[in-house]
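# Understanding the architecture of this molecule
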Amino acid sequence: MTRRSTVADAASEETLSNLGHEDREFPPDPAFTAQAVGKAELYEQADADREKFWADQARERLTWSKDFTQTLDWSDAPFAKWYADGQLNAAYNCVDRHVEAGNGDRVALHFVGEPGDTEDITYADLQDRVKRAANVLLESGVAKGDRVAIYLPMIPEAVISMLACARIGAPHSVVFGGFSSDALRSRIADAEAKVVITADGGYRRGKPSALKPAVDDAVKDSPSVLKVLVVQRTKEEVAWNDEKDLWWHEALEAASPEHTAEPMDAEHPLFILYTSGTTGKPKGILHTTGGYLTQAAYTNAVVHDVHPETDVYWCSADVGWVTGHSYIVYGPLANGATQVLYEGTPDTPHKGRWWEIIQQHKVSIFYTAPTAIRTCMKWGKEIPEKFDLSSLRVLGSVGEPSNPEAWIWYRDVIGGGKAPIVDTWWQTETGAIMVSALPGVTTLKPGSAQIAVPGISVDVVDEQGNSVDNGHGGYLIIDKPWPSMLRGIWGDPERFKETYWSRFKGIYFAGDGAKKDEQGNIWVLGRVDDVMNVSGHRLSTTEIESALVSHPKVAEAAVVGATDETTGQAVCAFVILRGDAVQEADEPGEGADLVAELRNHVAKEIGAIAKPRQILIVAELPKTRSGKIMRRLLRDVAENREVGDVTTLADSSVMDLIQQGLAKPA
Ligand code: WT7
């Protein structure tokens, strides 16, 4: 159930009025405009005839095995069909056609492993491996329509696996390698995956980090799984199940290199990607082939300004998130781009690792998250200044609101004071970029995602769904269907309608609060539901609360996202203990142990990214008379603010109790 909170609940009034008072503006450089892929005319073309615009994009950017006759079928809204009678194969579009066009020798992936190993993979190499992997999947019992779970580090096999699935029409469900075995198991079960593709492990902060044990754990209770394909990456010892496990390298070598990509209907499911919602259960967001690929390719071309012959592109996301799906795999590869794929963290073995990679590969387009920029800012500009970053000509950011100071730092220190920055707003559900400046076209405003990309229609509306005037705040909505829109929630059409289409009649509610400034630029303020954004990763308060309550010592838990300078938001949990645990926690020194135990428990249940920054043990939680937890008040405590209005609490002394309890020495 969606919580009907107000915008002010997500972003304080102060933030609302501060945002949009940014007067710095950066008009496009005419030299950039002259070469830009995105042109100002796109806006007029799209406004004049939106469907024709998207039909043109689909035909220009993709190769169709069978042309479509109808662009959009919205008769069964909110279930859209785009290009429905057209046929195409996503892997053919991302790989084979570039080889057929004579670009087989072009590097598709400059892989950089964390320990320093590298491999350049051309489009011809990629084609060979994708074809073999497709054959391995078929031999493992995967048929068109069957689901495959992918749980891998950021290595080329992640990209190859996704494309191999697309090639045979088996929707993939990539599960971020940082998620726990429990999280993996529930995703395998929900999608009834037939095969899991994983690795012995990957490298993380200078050390091998195992993945296979989590898969072994998940698979033993997963009746749907026939085979587990294991990539050898770290060569650490792994447990082996002769009936199920297959080494990737052995299977690929033995497989036939011949495979013809079969055309799929445009609406054939391409992938499921789980994301956190307002309830405890992650939603399997479903994307299909033609519309998704059209918008991923189009936005990657016009927003990132990709010139495939000359650019070296790098998106620092993980393929476990939608950013990796659309802007590492499908968008850039459909466009025939050359890109960097990096396995590790930005500070291994030193804090200049990213900038070293940019210098070495002459990266010209870089796409990352505001959290990363703020972290690098904290480390100091002396670090990037040691490297030659002059190849960079376009910078992008995604995942959370970017603040003007970080934006300016990004432009000056990383972009040499000239590279345009595109702040791109979109979601797992939207599939591709929706709101962003176009480099070379739009005058840039630091901190604002700015305007809908050509072909997309978004607005900011009030509680009643009416468009707000410039200078006012409200809810961010999308009022026209778009090609890469989600086609539903896997196995739950009702939840799809209820979650996205019921707040305002007939329009898509994104869950974000936003404000329009005097010029109509959109400033995204953050979520207005029970979803948190920690380092650009989406987490559900309810999901973490459920994880805490599943611990035998916890009676009740409330989780809030508190503002954090670096990570945007941080997870703060308030926990009521069960009877015996209360006494235990009161013993000298035991409280800290218990908090550590609970933090680890959340990591085990969901994954390390969900570990609360802070757990406060309290005697009571603030509740309304109807029993709803007032998270607003807990957020005040977590952010060290004076506690707001408590008059709607069933018992207004609860907040005093919480604060007295916190004042007690640990
Ligand atoms: C949520 C979607 C889109 C890929 C990464 C996250 C927030 C995303 C921005 C931005 C402000 C942003 C929103 C959105 N968000 N981009 N440029 N400015 N907020 O995908 O995990 O589906 O999360 O991320 O709150 O709803 P996701």
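Residues numbered from 1 in each chain as written. Predicted model: local features only at pLDDT ≥ 70, side-chain atom pairs only at ≥ 80, totals over all residues.

- With an unreviewed UniProt entry as reference, the protein chain is termed Acetyl-coenzyme A synthetase, source organism Luteipulveratus mongoliensis.
- Heading Cofactor (unreviewed entry) of the UniProt record for the protein chain holds this comment: "Mg(2+)". (UniProt positions renumbered as here; feature names shortened; annotations may be inferred.)

## Quick look at the packing of helix α6 (residues 90-103) against helix α7 (residues 123-139)
- Interaxial distance between α6 and α7 falls to 9 Å at its minimum, and their mutual angle equals 135°. Judged on the interaxial angle alone, α7 and α6 are oblique. The way α6 lies across α7 gives a crossing that is left-handed. Mapping the contact onto sequence places A91, V95, D96, H98, V99 and N103 in α6 and Y123, A124, L126, Q127 and V130 in α7. (Axes fitted to C-alpha atoms, helices over the stretch in contact; angles between N-to-C directions. Helix = DSSP H or I, 4+ residues; strand = E, 2+ residues; numbered from the N terminus. Parallel < 35°, antiparallel > 145°, perpendicular 65-115°, else oblique. Left-handed = near helix turned anticlockwise from the far one by under 90°. Contact = placed C-beta atoms within 7 Å.)

## Overview of the site of the ligand
- Residues in contact with the ligand amount to 24 residues; listed here are only the nearest, W425, Q427, T428, V524 and R538.
- Of all the secondary structure elements, the ones that give two or more residues to the shell around the ligand are α13 (322-334), β20 (421-424), β24 (508-516) and β25 (522-527).
- For the shell around the ligand, the per-class residue count stands at 9 nonpolar, 10 polar and 5 charged. (Near = placed C-beta within 6 Å. Nonpolar A, V, L, I, M, F, W, Y, C, P; charged D, E, K, R; others polar.)

## Details of the domain arrangement of the protein chain
- The domains assigned to the protein chain are domain 1 (30-515) and domain 2 (535-663).
- Each partner contributes to the interface: domain 1 provides 19 residues, whereas domain 2 provides 18 residues.
- Of all elements in the fold, only α9 (181-191) and α15 (370-379) reach the threshold of two or more residues within the side of domain 1 that touches domain 2.
- In terms of residue count, the dominant contributor to the side of domain 1 that touches domain 2 is α15 (5 residues).
- A breakdown of the residues in the side of domain 1 that touches domain 2 according to their chemical character gives 4 nonpolar, 11 polar and 4 charged. (Domains from an automatic or database assignment.)

## Concerning the UniProt feature "domain: AMP-dependent synthetase/ligase" (unreviewed entry) in the protein chain
- This chain's UniProt record puts "domain: AMP-dependent synthetase/ligase" (unreviewed entry) on residues 101-490.
- Taken end to end, residues 101-490 is 31% helix and 23% strand, and its two terminal C-alpha atoms sit 37 Å from one another.

## What to know about helix α22 (residues 631-638)
- Counted residue by residue, α22 has 7 buried out of 8 residues, so it is predominantly covered.
- Among the residues of α22, those classed as buried are R631, L633, L634, R635, D636, V637 and A638.
- N640 occupies a position one or two residues after α22 and carries a positive phi of about 55°. (Buried ≥ 20, exposed ≤ 12 C-beta atoms within 10 Å, placed from the backbone.)

## Examining the UniProt feature "modified residue: N6-acetyllysine" (unreviewed entry) in the protein chain
- Here the UniProt feature "modified residue: N6-acetyllysine" (unreviewed entry) sits at K628.
- The topology assignment puts K628 in the loop between β30 (614-617) and α22.

## Comments concerning helix α14 (residues 353-361)
- Where α14 is concerned, the buried positions are W354, W355, I357, I358 and H361. Looking straight down α14, one finds that the buried residues subtend no more than 155° of arc, so they occupy a single side.
- As for α14, its buried residues are in contact with β4 (107-112), β16 (312-315), β17 (338-342), β18 (365-368) and α16 (382-385).
- A positive phi of about 50° marks K362, the residue just after α14. (Arc of directions from axis to C-beta.)

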